[in-house]
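Chain by chain, the residues run as shown.
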Amino acid sequence: MNNDRTSPGRRPDPRRRRTRRPVPRAGLLGTEPELITHHAHNGTEPDDLPTVPILRPRPGQPPRRPRPLTDGDLRKRRWRRVRRIAYVVAGLFFAVPAVAFLVTYFAVDVPSPETVAQAQGQAVTYLYSDGTEMGKDVPTGGNRQILAPNQIPDVVKKAVIATEDASFETNSGFDVGGILRAAYNQVTGGSGGGSTISQQYIKNASGDDDPTLTRKWVELAKSFKMNQTYEKADIITAYLNIIYFGRGAYGIQAAAQAYFGKDVGQLDYSQSALLAGLIQQPGRSENTAVATSRWNTALDRMLKNGYLTPAQRAAAKFPAPIPLRESREAGALNPFIKNKVKAELAAQGIDEKQYYSGGFQVFTTIDPVAQQSAEKAVAEGMDGQTDDRILNALVAVDPKSGGVLAYYGGDAIVKGPNGEDQAGRDWADEPHNPGSSMKPFDLAAFLKLGRGLDARFDGTSPRTFPGVDLPIRNAGDSSSCSQQCTVAEAMQRSTNTVFYDMVLNITKPSGVAEAAQEAGIRTSDNGGRSKLFTGDNNISIGGGGTEVTAADMASGYATFAAGGVQRDRHFVQKVTNANGETAYEAKDRSTDAFADNDAQKSAQIAGNVTAALAPVIQFSRLSCPAGHECAGKTGTQQHTPQNDEPASAANANSQTWMVGYTPSVSAAVWVGSDGDKALRGPNGAPLFGSTLAGPIWDRFMQLYMSGKPGERFDRVSAISSPQDRVQVQVQQPRQPDQQNQQDPRDQRPPGNGNRQQADQLDQFRQFQQRLQELQDQQRGRRRP
């Protein structure tokens, strides 16, 4: 029996293998049904798929056999697959980056030139009180000054464009050809980058220079976006405002000053070419060969771009920069004044970050004439001194405003132990024993209690006091006084025993400290550095633990000059930002120093102190400026000899002072040592307030006040108390010891002792009459 299933009229193919159709297995539920995906084997469909597709014959034609694939067919098939893969790869290579770039473009923010200017450090310009420039405070990163597009000449812009990015005017923020050249140079070991000016601006503005693909990718997107956002003129200007040129100069204006001592608007094409060339190698700006090579490169590229004529290129001469030392010293700012200004602004909310980001102009209170006079007076006074341990400081304050007119704290640069240059100390802000220059504050405390200049004390020397180990002495016969010495005479003679007695038994040390602080002495309790020690009575004669800065002494005496009105010492009038807007302005902060809410009493106390200090000037062989009334006090602190020092050290001094004032200026001069050292003059003689500090003060006053209208102090009534007319008794005989020393030459010779006692009452009456003479309608009279 034939089991082949064939269609009628069709013979079975003998090549086909006969197979038995599998019998379905019996399952749990019976015969397993056939899957609908199985083909029914009817004997006409082949069991194996053909190697080539079966071609159906056309109607009326016999069936054809497909031809087998040749090697050529197989190669075509393979290449077809390769092309398809290449299309996919190419799509991924271009499409994905394009999408990623588009995403990055919208995600990043382009730093505007204004934002960068605010974020980066800018030089702070300091101005004198008359508006002339004092100097610039350059941030750590270097000098920066932001200019507008119209402030930078075209010759500078063209020099930089030709040297740094010839396609700047036409590219879209990046140059594909430049990128490829940079990649080739890196592979072949060549030099040269592919960054455009826009890319360099982005890199410098962000401060990110990491050699990563991510940074470069973001930089490209920002550069492209920047060119879609800003004009080319704004981009080149922004770039020139922040790029580094060497010599600590960031920005084209700072570079012009650092290299040629002129503004950018004054640069010619040769100077512009040198600065443009140095952008690539700013660290080698002082290497003449490198600088010359870069200058030639810039000129050649300017010629190639059509920015120079052949004749200009041939005629160009290398523009030698100014010496580096002159560059650094040009516009140098007094570091001590700078530190005071910065501290003052920080206290007003302008901290370090804001200070260097605002493009500020600081209008200081420093008078250029006063500053020059101070420096000249110190230099003349120190001429001929041979003791290299002698230091000095001079501070002048305007009593009518509290503004600092002159501030000299010593040398800004000094030699270290090995001969190296190092920063000097601000001696105007270092506290020292004030010696007898502290006595006006003793007197102010005394006057506050209602006591007067006619009060009498034992002015003999030496004197001992209960609870005080050592006797107190005056410094020689000229400073001693009688047993009935008035306070007025004791101030003129600087009689230690009188003021020691006054403070110990009447005002107490705390009263002196209070009066000094009311006058303007700043201790650590109110932001200062001075020390007013009240644990013993040495404050009365300015010794022991009491130490005061020259700046504080100038301010304290300024309160006497201002008629008892205390005004805060300050260095800043106002500050303006880069837009010319006022960022800070000093306010007048004044108080009635010695009597709360009683201006008349405070003025009376200050006026009596002035009356007591006025005769000291002539007595100390000093003089007032021509046509001006003045008052003041010298001070000397004795050196404490050490065991290894010669006996002569006992007569040496370590600190000397002269503090004095007119109605319009109060000046303090300190000449002394760093610590307790025995200072000597050229001839080996000890220094005193009248021998060095006094003449420096005198010279400063003559220089600064020359040509200014004459001034007089306001007249006030003398303060007097009935008990002040009671005579005192001699308390102790003289003893040889002494605690404080005053130069005999600080005072005038006393004259005959008997005559002093006989004429004492007449002298005071004359003094009191002088006080009340022509009171000028109290404090409201117009001065001549």
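Refer to the structure above for everything that follows.
For every chain, the first residue of the written sequence is number 1, and numbering continues from 1 along that sequence. Only residues with pLDDT of at least 70 are given local features in this predicted model, and only at 80 or more are side-chain atom pairs given and counted; all residues enter the totals for whole chains, interfaces and linings. As a rule here, side-chain values cover all heavy atoms of the structure and leave hydrogens and water aside.

A. Region of interest: the sheet that holds strand β3 (residues 124-127). Within the open sheet, the five strands sit side by side as β4-β3-β7-β15-β16. Their pairing is mixed. Edge strands, defined here as strands with exactly one partner in the open sheet, are β4 (133-137) and β16 (582-585). Within this sheet the neighbouring strands show an average axis-to-axis angle of 20°, counted without direction. Two strands make a pair as long as DSSP finds a minimum of two bridges between them. Think of it this way: any DSSP run of H or I at least four residues long counts as a helix, any run of E at least two long counts as a strand, and we number them from the N terminus. Lines fitted to C-alpha atoms define the axes here, with helix axes fitted over just the stretch in contact, and angles between the N-to-C directions of these axes take values from 0 to 180 degrees.

B. Local environment of empty space enclosed by the protein. A pocket, in this scheme, is an open set of points on a 1 Å grid over the protein atoms alone with protein on both sides within 12 Å along at least 5 of 7 lines, while a cavity is a set where a 1.4 Å probe fits but cannot get out; residues line either one if an atom lies within 4 Å of a point. Grid points are joined across faces, edges and corners, and a volume is the space filled by probe spheres set on the points. Applying the stated criterion across every chain, the model contains two cavities of 30 Å³ or more. Each pocket or cavity is described by its volume, and for the largest cavity that value is around 50 Å³. Lining the largest cavity are V397, D398, P399, G402, S555, A558, T559, A562, V565, R567, D568 and R569. Looking at the lining of the largest cavity, the elements that each hand over two or more residues are α19 (550-561) and β14 (565-567).

C. Spotlight on the state of the cysteines. For this text, the term disulfide refers to a pair of cysteine sulfurs within 2.5 Å. What the rule picks out here adds up to two disulfides. A sulfur-sulfur separation of 2.1 Å characterises the disulfide bridge that pairs C481 with C485. The chirality of the disulfide connecting C481 with C485 is right-handed, given an S-S dihedral of about 90°. Judged by its relative accessible area of 8%, C481 is buried. Note on classification: 1.4 Å probe, protein chains only; a residue is buried when its accessible area is under 20% of the maximum for its type, exposed when over 50%, partly exposed between these limits. Overall, the relative accessible area of 0% leaves C485 in the buried class. Note that C624 is cross-linked by a disulfide to C630, the S-S spacing being 1.8 Å. On the sign convention where negative means left-handed, the S-S torsion of about -80° between C624 and C630 marks this disulfide as left-handed. On the basis of relative accessible area, C630 is assigned to the buried category, the value being 4%. For the chain, numbering the cysteines in disulfides from first to last along the sequence yields the connectivity 1-2, 3-4.

D. Geometry of the packing of aromatic side chains. Pairing of aromatic side chains requires ring centres within 6.5 Å, counting the rings of Phe and Tyr and the six-membered ring of Trp. Pairs whose planes differ by under 30 degrees are stacked, by over 60 edge-to-face, and all others tilted. Summed over the entire model, instances satisfying the criterion amount to 15 aromatic pairs. Considering the side-chain rings of W295 and F318, the 5.5 Å spacing of their centres and the 85° angle between planes classify their relative orientation as edge-to-face. Within this pair, whereas W295 is found in helix α10 (residues 288-304), its partner F318 is found in the loop between α11 (310-315) and α12 (324-329), the two being separated by 23 residues in sequence. Residue W295 is classed as buried on the basis of its relative accessible area of 5%. The partly exposed category is assigned to F318, whose relative accessible area is 27%. Ring pairing ties together the aromatic residues F441, Y557, F560, F594, Y661 and F713, which thus form one cluster. To sit over a ring, a charge needs its Lys NZ or Arg CZ within 6 Å of the ring centre and within 35 degrees of the ring normal. Its guanidinium or amino end placed over the ring of F363, K574 lies 5.0 Å from that ring's centre, counting from NZ or CZ.

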